[in-house]
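# Chains, contacts and geometry: an overview
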Amino acid sequence: MKGWMGKSKVFFLISAMALLMAGCGRENLTALDPKGYGADRAMDLILLTTFIMIGVFIIVMAIYVITLVRFRKKKGQEDYIPEQVEGNHKLEVIWTVIPIILVLVIAVPTVLGTFDLADDSNADEHVNIEVTGNQYWWHFNYAGEEVVTSQDLYIPTGERVYLNMLSSDVTHSFWIPSISGKMDVNPENVNTMYIEAHEEGVYWGKCAELCGPSHSLMDFKVIAVSPEEYEQWVADMQSVDPEEVPEDSVAQEGQELFEANNCMNCHAIGSSPAAIGPNLTNFGDRSTIAGILEPTKEHLVEWLTDPESVKPGNKMTDQYPALSEDEAESIAEYLLQLQPSEITPESAGN
Ligand code: HEC
Ligand SMILES: [Cu+2]
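Residues numbered from 1 in each chain as written. Chains lettered and ligands numbered in written order. Predicted model: local features only at pLDDT ≥ 70, side-chain atom pairs only at ≥ 80, totals over all residues.

## A few points about the overall build of the protein
Helix and strand counts for the protein stand at nine helices and ten strands. Over its C-alpha trace the protein gives a radius of gyration of 28 Å, far above what one expects of a compact globule, namely 20 Å for 350 residues. The burial tally for the protein puts 32% of its 350 residues in the buried class. Taking the contacts inside the protein whose residues are at least 6 apart along the sequence as the reference set, 73% of them involve residues at least 24 apart. (Helix = DSSP H or I, 4+ residues; strand = E, 2+ residues; numbered from the N terminus. Rg over C-alpha atoms; globule rule 2.2 N^0.38 Å. Buried ≥ 20, exposed ≤ 12 C-beta atoms within 10 Å, placed from the backbone. Contact = placed C-beta atoms within 7 Å.)

So this is what it looks like as structure tokens:
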């Protein structure tokens, strides 16, 4: 009875885990549905190793079952003792050589793929973006373009985009499962990787290295658009005038409050390299607020009045005078109007 209970518990646990993990897959947040070059290579290796493992499993199981059936103790032969074998040269060579061959079959494409994905010899001919990981947000500086943004990384489809990555604090890891593998983002050295998206779309990114209390909320998106749309987006970003005064009076008031409440100590609008907080040039076009909230006015007011409840341990909490609901609403009105481009996560589709 006890044994049966134990087994049923294990069975229950495994089913519960399977159910839970089935819920983990999110469209455009899975390495099993590759939409980019690095993810393709990883998928090839996943399939290769899985097929080899399944093959080994089937063969071993077949030998096991055959042995069990054929060499059972038979009626009338209760006293029979089979030949006692001590060491068999031929067998030992076979079961040493086969695994070595299998490991080589896996190792060769793995090593080639690793070198291929680390190749940055042609980086100069492609789009280069400086990526900075921060507790708990991402900063993107488009080298040579005077374009700076955060959280939503715009890239052209069908081309390599080189990312030169550094952290401003602790080690993070940059991971867009559908597009490419992970890369550590360290405070002491620049790591370079390239990504290439095949199709237009919005791809989810995650920080994959435990970096503090809001590590799991350190999400970002890659917005892959056609090369023409990408050029247009860059031009739109370059033409932003950070001083521009909004037309409606609530947003105007919001802009004044933004200037009066220390916000600009940390947040730039325009291509300023200052980056204690996310650059807000195209904040109104963002797919999310702070990487995780739906981009609505209510959520923005929530973020501005109580960021701690949204992202524990974030670096904005208590760094500015407390805002009333009205003040936060005016600022929200202003920030959500910062929409320099028609090229947005929505236009790139989901
Ligand atoms: C001490 C620096 C600092 C000050 C002052 C500050 N912020 Fe922030 N802000 C941050 C940081 C850091 C983040 C990123 C938090 C995170 O996601 O972990 C942030 C995030 C944001 C975001 C979300 C950005 C995005 O890309 O989703 C908005 C909007 C914002 N702040 C608005 C404001 C406003 C408005 C004020 C002034 C009332 C302000 N901030 C004051 C540092 C600051
Ligand atoms: Cu992180």
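## Remarks on the site of ligand 1
Around ligand 1, 30 residues are found, and the nearest of them are Cys263, Cys266, Gly277, Met316 and Gln319. If you list the elements that add at least two residues to the shell around ligand 1, you get helix 6 (263–266) and helix 9 (325–336). Per element, the largest residue contribution to the shell around ligand 1 is three residues, and it comes from helix 6. Looking at side-chain class alone, the shell around ligand 1 contains 16 nonpolar, eleven polar and three charged residues. (Near = placed C-beta within 6 Å. Nonpolar A, V, L, I, M, F, W, Y, C, P; charged D, E, K, R; others polar.)

## Considerations on the sheet that holds strand 5 (residues 161–167)
Read from one edge of the open sheet, five strands run 3-2-1-5-8, paired in mixed fashion. The open sheet has two free edges, formed respectively by strand 3 (147–150) and strand 8 (191–195), since each of these has just one partner strand. Averaged over all pairs of adjacent strands, the angle between strand axes in this sheet comes to 25 degrees, irrespective of strand direction. Here strand 5 runs beside strand 8; their pairing, made up of five bridges, is antiparallel. Bridged to methionine 165 within strand 8 is asparagine 191. (Pairing = 2+ DSSP bridges. Axes fitted to C-alpha atoms, helices over the stretch in contact; angles between N-to-C directions.)

## Some thoughts on the sheet that holds strand 6 (residues 172–175)
Two modes of strand pairing occur in sheets, parallel and antiparallel, and in both the strands are linked by backbone hydrogen bonds. Sheet architecture is open: five strands sit in the order 4-10-9-6-7, paired in mixed fashion. Each end of this open sheet is capped by a strand with a single partner; those strands are strand 4 (152–156) and strand 7 (183–185). Across the sheet, the axes of successive neighbouring strands diverge by a mean angle of 30 degrees, strand direction being ignored. Across five bridges, the pairing between strand 9 (residues 201–207) and strand 10 (residues 220–225) is antiparallel. Across the sheet, tyrosine 203 pairs through a bridge with valine 222, a residue of strand 10.

## A word on the nonpolar core
Judged by nonpolar contacts, the single largest core of 43 residues is most densely connected at Ile155, Leu163, Ile195 and Val222. For this core, the leading source of residues is strand 10, giving five residues. Look past the residues within four positions of isoleucine 195 in its chain and what remains in contact with it is Gly36, Gly38, Ile155, Val161, Leu163, Ile176, Ile179 and Ser180. One finds Leu257, Ala268, Leu300 and Ala328 within the second-largest nonpolar core, a separate group that totals 17 residues. (Core = buried A, V, L, I, M, F, W, Y, C linked by C-beta atoms within 7 Å.)

## Here's the deal with the confidence of the model for the protein
Scored by pLDDT, the protein has a mean of 92; 96% of the residues are at 70 or more. For the protein, the element scoring lowest by mean pLDDT is helix 1 (residues 2–22), at 71; strand 6 scores highest, at 98. (pLDDT = per-residue confidence, 0-100.)

## Overview of the UniProt feature "transmembrane region" (unreviewed entry) in the protein
The feature "transmembrane region" (unreviewed entry), as given by UniProt, occupies residues 45–71 and 92–112 in the numbering adopted here. The annotated region residues 45–71 carries 96% helix and 0% strand content, and the separation between its end C-alpha atoms amounts to 39 Å. With 100% helix and 0% strand, the stretch residues 92–112 has end C-alpha atoms that lie 31 Å from each other. (UniProt positions renumbered as here; feature names shortened; annotations may be inferred.)

## Some words on helix 7 (residues 297–305)
What helix 7 keeps buried is the set Leu300, Val301, Trp303 and Leu304. Relative to the axis of helix 7, the buried residues are bounded by an arc of 160 degrees and lie together on one face. If you follow the buried residues of helix 7, they end up packed against helix 8 (307–310) and helix 9. (Arc of directions from axis to C-beta.)

## Re unusual backbone geometry
For the peptide bond that leads from glutamine 135 to tyrosine 136, omega is 0 degrees, which places it in the cis range. Secondary-structure assignment places tyrosine 136 in the loop between strand 1 (127–134) and strand 2 (137–142). Here the phi dihedral of alanine 290 falls at roughly 55 degrees; this positive angle occurs in a residue that is not glycine. Assignment of secondary structure puts alanine 290 in the loop between helix 6 and helix 7.

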